[in-house]
Amino acid sequence: MASLPSQLSARVQAVAGIEPELRPATRPEFGHFQSNVALRLAKSERKSPREVAADIVARLDVDDLCEPVEIAGPGFLNFRLRSSVLAGYVTGQLADPALGVEQAEHPQRVVIDYSSPNVAKQMHVGHLRTTIIGDCFNRVLTAAGHEVLPQNHLGDWGTQFGQLVEQILVERLDPAALDLVEAEELYKRAAAHFKDDHDFADRARLRVVALQSGDEETLRIWRSLVEVSLAGFNTMYARLHVLLTDEHLAGESIYNAVLGPVADELKAKGVAVVDDGALCVFVPGFNAPLILRKRDGGYGYDVTDLAALLHRVRDLKADRLIYVTDVRQGDHFAQVFAVARMAGWLPDTVSAEHVGYGMVLGADGRPYKTRDGKAMHLATLLDMAEEIASPPIALAAIKYADLSNGLNQNYVFDIERMVATTGNTGPYLQYAHARMTQVLARAAAEGVLPAHEAVTVLDEPQEQALALLLSGYGDVVAEVASTLQPHKLCAYLYDLAGTLSVFYERCPVLRSEGEVRSSRLALCAATKRVLAAGLDLLGIEALDRM
Ligand code: ARG
């Protein structure tokens, strides 16, 4: 079902010739939507904006949707939807499992690169953000009718594995018997050993070569390390209730065999040049080059991302590439995209976006660190939150805090504020949902729940306001699917919960009667479902009781 503003907008555009850019009215007396289309046309039509507005209104046929259109101030068009239309739309939403979210006209194959933790290291606060944000994108794009291909670009390859494997051999450890926490301890010992023991460092370097050339024993130890790490990551994914599974694993190691050819091809195309023994690409406007092959012949993060991009476009046939990482990797991805475009690997028909997120700060406003100065472990954060709230509420608190500000902003991890059921928090939305569940349950118990759910009466301004907001749900989801700004969905849900509570205060539901009561119960049911669906898109569980 096309949203009401989009139906209205199409009609106005047909007459005005340009997109009317409907905006929600700034005040109730201006109706529901406003357009400045006449002001924008006035200059080229050499008429006053009010004349242009009058022309448009004279030719416009929207009587079936709106009350008579008004011209206001310098020439704004004010639209007020008919109550019957609004009521009919919400009734339609109640019968629509998608609640008014439309399926994309041109579904895309969307690769989302997210989570991507590193083997032999516990996930930290940064991984919390990418995992939650990526999960939300996955849900929203899927709901909007796209095909999502998550890619968990695990850090499972590189020079650190030379050190890790050597350290395991030195200590005669059984790598399969480690857990992730122990693997991280091993990592620290290996790194220290590498720093102060030349012999060890040399052996570690040779070990990297052995790994890259497929030496059996080395690979076996490496695989064990990957497996114990994965078990740890999967525990976290289960705790976080995210959609990632082993099926989405696409770690750096899978590109090992193509890194040489990728580098060579960029050299042959004249995109890459040898600089001081290393094969590099200098992208205009950036300080440091991308390094495709180091002086010692080794391959690293940059070239791996080029190989991954090529695979995603060529083999996975992606139409859209999304990368969710820390904002500090912005330059890296801008360069990777630029190089891929130069090489002809990223055609104009495929978009590539890096979504950078800000840092999680402690109460002191500084990056959230452990006592030894490392980024705070994700497990610690979850433990802290679950100490003061039950797991579904703790998760709602954390996810909502993560998604409700502009993603590139830092936010303070203030768990007391985040779990509160008042204010702009996840638990507040869960509470609004639980409250409606209770109201509907009571109506069912009293035998007054209508058999056919329909919104038929919108006489009160609070009923109108709620219905208008409900009818905007599909558009908000579509907007987040295109702009990747989940805070807009958060703001919408917060607004919805607030409007619901004003409605519930002013308009008695169970204490009213007849058609008014059934219509209000239908409004409650629609709001409950939109809250549940919206929370689900944020990865948050809608609770029935709190
Ligand atoms: N493993 C990296 C990290 O923990 C993130 C990888 C992001 N994805 C990518 N394709 N580079 O910082």
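Residues numbered from 1 in each chain as written. Predicted model: local features only at pLDDT ≥ 70, side-chain atom pairs only at ≥ 80, totals over all residues.

Identification of the protein as Arginine--tRNA ligase from Microlunatus antarcticus is taken from an unreviewed UniProt entry. The protein has a UniProt comment under Subunit (unreviewed entry) that states "Monomer." Regarding the protein, the UniProt comment filed under Subcellular location (unreviewed entry) reads as follows: "Cytoplasm". (UniProt positions renumbered as here; feature names shortened; annotations may be inferred.)

## Some details on the overall build of the protein
For the protein, the helix and strand inventory stands at 20 helices and 13 strands. Seen along its three principal axes, the alpha-carbon backbone of the protein occupies a region of about 85 × 60 × 40 Å. The buried share of the protein, taken over its 546 residues, is 46%. Taking the contacts inside the protein whose residues are at least 6 apart along the sequence as the reference set, 73% of them involve residues at least 24 apart. (Helix = DSSP H or I, 4+ residues; strand = E, 2+ residues; numbered from the N terminus. Buried ≥ 20, exposed ≤ 12 C-beta atoms within 10 Å, placed from the backbone. Contact = placed C-beta atoms within 7 Å.)

## Thoughts on the site of the ligand
Near the ligand, the surroundings consist of D113, S116, P117, N118, H153, G155, D305, A308, Y323 and T325. Broken down by secondary-structure element, the contributors of at least two residues to the shell around the ligand are α11 (301-314) and β10 (320-326). Per-class residue counts for the shell around the ligand are three nonpolar, five polar and two charged. (Near = placed C-beta within 6 Å. Nonpolar A, V, L, I, M, F, W, Y, C, P; charged D, E, K, R; others polar.)

## Some thoughts on the UniProt feature "short sequence motif: 'HIGH' region" (unreviewed entry) in the protein
The sites that UniProt annotates as "short sequence motif: 'HIGH' region" (unreviewed entry) are residues 117-127. Taken as a whole, residues 117-127 contains 27% helix and 0% strand, while its terminal C-alpha atoms sit 6 Å from one another.

## What about the domain arrangement of the protein?
Taken as a whole, the protein is organised into domain 1 (4-80) and domain 2 (158-242). A straight line from the C-alpha centre of domain 1 to that of domain 2 covers 65 Å. (Domains from an automatic or database assignment.)

## Regarding the sheet that holds strand β7 (residues 273-275)
Working definition: the strands of a sheet are paired by backbone hydrogen bonds and lie parallel or antiparallel to each other. Read from one edge to the other, the open sheet built from three strands follows the order β7-β8-β9, with strand pairing classed as antiparallel. Only two strands of the sheet have a single neighbouring strand rather than two, namely β7 and β9 (290-293). Each adjacent strand pair in this sheet contributes to an overall mean axis angle of 50 degrees, direction not counted. Sheet topology places strand β8 (residues 278-281) next to β9; three bridges connect them, and they run antiparallel. Residue C280 lies in a different strand from β9, and its bridge partner there is I291. (Pairing = 2+ DSSP bridges. Axes fitted to C-alpha atoms, helices over the stretch in contact; angles between N-to-C directions.)

## Remarks on the packing of helix α19 (residues 486-506) against helix α20 (residues 514-537)
Interaxial distance between α19 and α20 falls to 10 Å at its minimum, and their mutual angle equals 155 degrees. Comparing the axis directions of α19 and α20 gives the class roughly antiparallel. Crossing of α19 over α20 shows left-handed handedness. Touching L489, L493, L496, A497 and L500 of α19 are T527, V530, L531, G534 and L537, all from α20. The class makeup of the residues in the contact of α19 with α20 is eight nonpolar, two polar and no charged. (Parallel < 35°, antiparallel > 145°, perpendicular 65-115°, else oblique. Left-handed = near helix turned anticlockwise from the far one by under 90°.)

## Examining the sheet that holds strand β5 (residues 109-113)
The sheet built from four strands is open, its strands ordered β6-β5-β10-β11 with parallel pairing. Edge strands, defined here as strands with exactly one partner in the open sheet, are β6 (147-151) and β11 (351-357). Between one strand axis and the next, the sheet turns through 20 degrees on average, direction left out of account.

## Re the packing of helix α4 (residues 83-95) against helix α17 (residues 461-471)
Between α4 and α17, the least distance of the axes is 9 Å, while the angle of their chain directions is 55 degrees. Relative to α17, the element α4 lies oblique. Read as a crossing pair, α4 and α17 show a hand that is left-handed. Contacts between α4 and α17 involve S83, L86, A87, Y89, V90 and Q93 from the first element and Q464, A467, L468, L470 and S471 from the second. Partitioning the contact of α4 with α17 into residue classes produces seven nonpolar, four polar and no charged.

## Remarks on the UniProt feature "domain: DALR anticodon binding" (unreviewed entry) in the protein
Under the UniProt annotation, "domain: DALR anticodon binding" (unreviewed entry) lies at residues 429-546. Annotated as residues 429-546, this span is 71% helix and 0% strand, and its ends, taken at the C-alpha atoms, are 11 Å apart.

## Points about unusual backbone geometry
Phi at K317 is positive, roughly 55 degrees, even though this residue is not glycine. A residue is classified by how many C-beta atoms lie within 10 Å of it, and K317, with 12 of them, is exposed. In this model, L484 sits at a positive phi of 60 degrees, which is unusual for a non-glycine residue. Assignment of secondary structure puts L484 in the loop between α18 (473-483) and α19.

## So, helix α8 (residues 198-212)
Here α8 is 15 residues long and its end C-alpha atoms lie 21 Å apart, about the 21 Å a rise of 1.5 Å per residue gives. The complete set of buried residues in α8 reads A204, R207, V208, L211 and Q212. Around the axis of α8, the buried residues are gathered within 130 degrees of arc, so they sit on the same side. In α8, the exposed positions angled more than 90 degrees off the buried face are occupied by H198, D199 and D202. Summarising the contacts, the buried residues of α8 are in contact with α6 (160-170), α7 (180-196) and α9 (216-240). Directly beyond the C-terminal end of α8, a positive phi value near 85 degrees is found at G214. (Expected span 1.5 Å × (residues − 1). Arc of directions from axis to C-beta.)

## Things to note about α11
In a regular helix each residue adds 1.5 Å, so 14 residues correspond to 20 Å; α11 covers 20 Å between its end C-alpha atoms and thus fits that length. Here α11 lies mainly inside the structure; ten of its 14 residues are buried. Where α11 is concerned, the buried positions are D302, V303, T304, D305, L306, A307, A308, L309, R312 and V313. Here the buried face of α11 lies against β5, β6, α10 (259-268), β9, β10 and α12 (330-342).

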